[in-house]
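If you want the building blocks of each chain, they are given just below.
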Amino acid sequence: MGVIKAAIGDAVLTSLWVFNLPFLGVLTGIVSKFLGVEALLPVTLLITTFLATINVLVFSLLGHVLGGASFNPSTTIAFYAAGLKPDSSLLSMAVRFPAQAAGGVAGAKAILQVMPSQHRHRLKGPSLKVDLHAGAVAEGAITFVFCFALLFIMLKGPKTLILQLWLLSVTTVGLVLTGSAYTGPSMNPANAFGWAYVNNWHNTWDLFYVYWICPFFGAFLAAWVFKFLFPAPSTPTTKKQKKS
């Protein structure tokens, strides 16, 4: 029953995340136009990073309210492989990941219904812009960097939550710029599946190879590298009792 409850929470949170994500671009454009800085790329990126920080903060709180719900299978894999999700198992993820994918579909279909026509050009979702294997390598590498940065920032970075989320947002924006010419990028298989579904390529090998298999490999690798570079402190051995 606990796994089913977690899966429902994941589906709800993921649908809200996919529904909400396109509004970051819309709000960035509105704020940039209001401030008259549309032509200044560094300023618009700063605005996007600020909005993304607020966005992640809100969804972190929502995830807590929903009992630890997650909207990204890749980060779940990374935390599990790093030994930071003792309550997770391969069986629970086998239930939760399809729920997240279903949430991605619901979010993508919902935003298509309400986004104003002048902003509908933003509703494309991630897509391959290079050949299959190059895209797979790119998505896996970008997800590796994202998950490693997530682990480093949350476990070895500053203790202040807002500063952690700011650094994570800076990393994410940088990776989106880097990967935009390759795969989008997504860094989130559930988000990629939602948009692939509405664009009718959700049941293709390209989707699962580029946006599921390689990101999972990148997330696992990020966790293993993190554990290798920053091993957990060994627990002190219990001293032997002196013989009386």
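Conventions used here
Residues numbered from 1 in each chain as written. Predicted model: local features only at pLDDT ≥ 70, side-chain atom pairs only at ≥ 80, totals over all residues. Heavy atoms only, no water. UniProt positions renumbered as here; feature names shortened; annotations may be inferred. Helix = DSSP H or I, 4+ residues; strand = E, 2+ residues; numbered from the N terminus. Expected span 1.5 Å × (residues − 1). Buried < 20%, exposed > 50% of the residue type's maximum accessible area, 1.4 Å probe, protein only. Contact = heavy atoms within 4.5 Å. Phe/Tyr/Trp six-rings, centres within 6.5 Å; stacked < 30°, edge-to-face > 60°. Polar contact = N/O pair within 3.5 Å; in protein donor to acceptor, adjacent residues only side chain to side chain. Bend = angle between axes of the 7 residues up to and from the residue.

> Which residues make up the UniProt feature "transmembrane region" (unreviewed entry) in the protein chain, and what are the values?
Listed under "transmembrane region" (unreviewed entry) in the UniProt record, and renumbered for this structure, are residues 6–27, 39–62, 132–153, 165–183 and 209–230. For the annotated span residues 39–62, helix accounts for 92% and strand for 0% of the residues, and the straight-line distance between the end C-alpha atoms is 35 Å. Between the first and last C-alpha atoms of residues 209–230 the distance is 30 Å; the span itself is 95% helix and 0% strand.

> Hey, could you go over helix H3 (residues 41–65) for me, with residue numbers and the actual values?
Compared with an ideal rise of 1.5 Å per residue, which puts 25 residues at 36 Å, H3 spans 36 Å between its outermost C-alpha atoms and is within 8% of the ideal. Of all the residues in H3, the buried ones are Thr44, Ile47, Thr49, Leu51, Ala52, Thr53, Asn55, Val56, Phe59 and Gly63. Packed against the buried residues of H3 are helix H1 (2–20), helix H2 (22–35) and helix H7 (161–179).

> I'd like a description of the packing of aromatic side chains, backed by residues and values.
One pass over the full model with this rule turns up 14 aromatic pairs. Taking the centre distance of 5.1 Å and the plane angle of 45 degrees together, the rings of Phe226 and Phe230 count as tilted. You can call Phe226 buried: its relative accessible area is 5%. Given a relative accessible area of 28%, Phe230 falls into the partly exposed group.

> So what's going on with the side chain of Thr75? Which residues, and what values?
Looking at where Thr75 falls in the secondary structure, it is placed in helix H4 (residues 73–81). From its side chain, Thr75 meets the backbone oxygen of Asn72 in a polar contact 2.9 Å long. Discounting residues that sit within four places of it in the chain, Thr75 has contacts with Ser70, Phe146, Cys147 and Leu150.

> Quick rundown of helix H9 (residues 205–229)? Include the residues and the values.
End to end, H9 covers 34 Å across 25 residues, agreeing with the expected 36 Å (1.5 Å per residue, within 8%). Taken as a whole, H9 carries its principal kink of about 25 degrees at Cys214; the proline Pro215 stands between one and four residues after it.

> With reference to specific residues and values, describe the environment of Phe148.
With respect to the helices and strands, the residue Phe148 is situated in helix H6 (residues 132–156). Considered as a pair, Phe148 and Asp10 are 138 residues apart in the sequence and their alpha carbons are 22 Å apart. The contact partners of Phe148, leaving out residues within four places of it in the chain, are Ala222, Val225, Phe226, Leu229 and Phe230.

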